[in-house]
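# Structure at a glance
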Amino acid sequence: MGLGPDQTVTAGEFVEAMRPIAGDNVDLAQVQANLGALGLAVYRTLTVNADASSDPACDTAFWQWVTEVQTWIDGVTAAIDTWAAVTAPEAALKAALAAVPAPSGAPARLNVRIA
């Protein structure tokens, strides 16, 4: 589950976390207002102030996939470069494939902001 477009999820988590302690009091309007404000504070902290990052040390499977995609791109590029097209259709296909922009090399780290 994601955070969603507003503090509904984080406020709901506060309500449910407090329910075992405060019981049905969490459903009172004034308590809902307080827990909602806490939910808003957490939501803003996560979406305005928090930075998330990933690198091979903390997310091995993702970065292995990034490496495999880069290897595939390099292999396709090498195959196109060494392809000796004989017929006009082959030459046209080779030219079309060579014209497809290749992405730059894979990053070493990913930095994102939660939005």
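In case you missed it, the structure is sitting above this.
Residues numbered from 1 in each chain as written. Predicted model: local features only at pLDDT ≥ 70, side-chain atom pairs only at ≥ 80, totals over all residues. Heavy atoms only, no water.

Here we come to the overall build of the protein chain. What the protein chain contains, in helices and strands, is four helices and two strands. Over its C-alpha trace the protein chain gives a radius of gyration of 25 Å, far above what one expects of a compact globule, namely 13 Å for 115 residues. Principal-axis analysis of the C-alpha atoms places the extent of the protein chain at approximately 80 × 30 × 25 Å. By sequence separation, contacts in the protein chain at least 24 residues apart represent 64% of the contacts at least 6 residues apart. Total accessible area on the protein chain stands at roughly 8,100 Å², and carbon and sulfur atoms take up 65% of it. One way to put it: in the protein chain the 5 positive side-chain charges average out to a point 8 Å from where the 12 negative ones average out. (Helix = DSSP H or I, 4+ residues; strand = E, 2+ residues; numbered from the N terminus. Rg over C-alpha atoms; globule rule 2.2 N^0.38 Å. Contact = heavy atoms within 4.5 Å. Areas by Shrake-Rupley, 256 points an atom, 1.4 Å probe, with all protein chains shown as cover. Lys, Arg positive; Asp, Glu negative; His and termini not counted. Charge placed at Lys NZ, Arg CZ, Asp CG, Glu CD.)

Another aspect to go through is helix H3 (residues 60-82). End to end, H3 covers 33 Å across 23 residues, agreeing with the expected 33 Å (1.5 Å per residue, within 8%). Where H3 is concerned, the buried positions are Trp-63, Val-66, Gln-70, Ile-73 and Ile-80. Where H3 is buried, its residues contact strand S1 (51-54), helix H4 (88-99) and strand S2 (110-113). (Expected span 1.5 Å × (residues − 1). Buried < 20%, exposed > 50% of the residue type's maximum accessible area, 1.4 Å probe, protein only.)

Attention now goes to the side chain of Gln-70. In this structure, Gln-70 sits in helix H3. Overall, the relative accessible area of 17% leaves Gln-70 in the buried class. In terms of polar contacts, Gln-70 uses its side chain to reach the backbone amide nitrogen of Ala-106, at 2.9 Å. Those residues within four positions of Gln-70 in sequence are excluded, and the remaining contacts are Ser-104, Gly-105 and Ala-106. (Polar contact = N/O pair within 3.5 Å; in protein donor to acceptor, adjacent residues only side chain to side chain.)

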